[in-house]
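So you can see what is in the structure, the chains are spelled out below.
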Amino acid sequence: MHKNLLLIPTYNELNNALPLAETLLKNHAELDLLFIDDGSPDGTGEALDKLAQSTPRMHVMHRSEKTGLGSAYKAGFAWSLEKGYQNSLCMDADWSHDPADLPRFLRALETFDVVGGSRYMKDGGIINWPLPRLLLSKGAATYARMLTRMPFSDPTGGYNAYRNDMLTQLPLDAVSSQGYSFQIEMKHWAWKNGFKVHEIPILFTERREGKSKMSIGIVKEALWIVWKLVLKRT
Ligand SMILES: Nc1nc2c(ncn2[C@@H]2O[C@H](COP(=O)(O)OP(=O)(O)OP(=O)(O)O)[C@@H](O)[C@H]2O)c(=O)[nH]1
Ligand SMILES: [Mg+2]
């Protein structure tokens, strides 16, 4: 067993997740993998199971219903702690996050408790997003940062890494989001509780295949979660 676990939530990512898993197994011997699949109707979970049979480095958690990114990550963190890993890293399954960045996350984790990948700092960026999506994302980042004052240029970014000795202290109710505002809540909690936070630049690319799960509900959740954090002040 390695000390690093890479968590990858999946919902209908058959054509992305399988080649991603193969690449990670081949090029990143420093990591074990945990896919968290919410009963994807396209068979992602079963295809990943098949590949996992060939290696002890890869695991697949199956949940019966699509219950959101936030709860998938919480289940993954619990698994990572239970198995005794030292670090938990988070990545999307659709190739938006470049596996080649993983060594930089691991290096930064030697010094920091939370390492956030940032699209909005110097040397970071977004490739191939349509303008409306870019504006929505940038607007959400600015809104969250300005209201909470948290020192993250990309509070909503999903390519992140956490030290498990910090995650053991995370109270279950500190993060309640279903969707992408989970990332905001995690970073905010770590910063408010005095953990060492840091960002590294990443280049984010539009998903390779498949459909977006972004919805108006997810945007609305982000809008009110930020206010919840501002008012809570913990
Ligand atoms: N297990 C699980 N995974 C999810 C759920 N919703 C999204 N995901 C996964 O979470 C990751 C991020 O979701 P995406 O749909 O790529 O979100 P995004 O990058 O903001 O938007 P697009 O790339 O435009 O779709 C992907 O790997 C999804 O398959 C869910 O409810 N459960
Ligand atoms: Mg995506």
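Everything that follows concerns the structure shown earlier in this document.
On a predicted model such as this, the values are computed, not experimentally measured, just so you know.

Q: Could you give an account of helix H8 (residues 216-232), naming the residues involved and the relevant values?
A: Compared with the 24 Å implied by 1.5 Å per residue over 17 residues, the 24 Å span of H8 between its first and last C-alpha is a close match. Every buried residue of H8 is listed here: Ile-218, Glu-221, Ala-222, Ile-225, Val-226, Leu-229 and Val-230. Angular distribution of buried residues about the axis of H8 spans 165 degrees; they occupy a single face of the element. Among the exposed residues of H8, those oriented more than 90 degrees off its buried face are Ile-216, Lys-220 and Leu-231. For H8, the secondary structure elements touched by its buried residues are helix H5 (131-148) and helix H7 (181-192).

Q: Provide a residue-level description of the packing of helix H3 (residues 69-83) against H7, including the pertinent values.
A: Remark: H3 packs on H7, axes separated minimally by 8 Å, with the N-to-C direction vectors making an angle of 50 degrees. The pairing of H3 with H7 is recorded here as oblique in orientation. Here Leu-69, Gly-70, Tyr-73, Lys-74 and Phe-77 of H3 come into contact with H7, specifically with Phe-182, Gln-183 and Met-186.

Q: Describe in detail the environment of Arg-145, supporting the description with residues and values.
A: Checked against the element boundaries, Arg-145 lands in helix H5. Taking C-alpha positions, Arg-145 is 29 Å from Leu-81, a pair spaced 64 residues apart along the chain. Discounting residues that sit within four places of it in the chain, Arg-145 has contacts with Met-150, Phe-152, Ser-153 and Pro-155.

Q: Describe the sheet that holds strand S7 (residues 160-163), naming the residues involved and giving the relevant values.
A: Judged by pairing direction, the sheet is mixed, and its seven strands sit side by side in the order S3-S2-S1-S4-S7-S5-S8 without closing on themselves. Each edge of the sheet is formed by a strand with only one pairing partner; in this case those strands are strand S3 (58-62) and strand S8 (197-201). Each strand axis lies, on average, 20 degrees off the axis of its neighbour in the sheet, ignoring direction. Here four bridges tie strand S4 (residues 87-90) to S7, and the two strands are oriented antiparallel to one another. Pairing of Cys-90 across the sheet is with Asn-160, part of S7. Helix-sheet contacts for H7 involve strand S5 (114-118), S7 and S8, and the interaxial angle to S7 is about 40 degrees.

What counts as what
- Residues numbered from 1 in each chain as written.
- Chains lettered and ligands numbered in written order.
- Predicted model: local features only at pLDDT ≥ 70, side-chain atom pairs only at ≥ 80, totals over all residues.
- Heavy atoms only, no water.
- Helix = DSSP H or I, 4+ residues; strand = E, 2+ residues; numbered from the N terminus.
- Expected span 1.5 Å × (residues − 1).
- Buried < 20%, exposed > 50% of the residue type's maximum accessible area, 1.4 Å probe, protein only.
- Arc of directions from axis to C-beta.
- Contact = heavy atoms within 4.5 Å.
- Axes fitted to C-alpha atoms, helices over the stretch in contact; angles between N-to-C directions.
- Parallel < 35°, antiparallel > 145°, perpendicular 65-115°, else oblique.
- Pairing = 2+ DSSP bridges.

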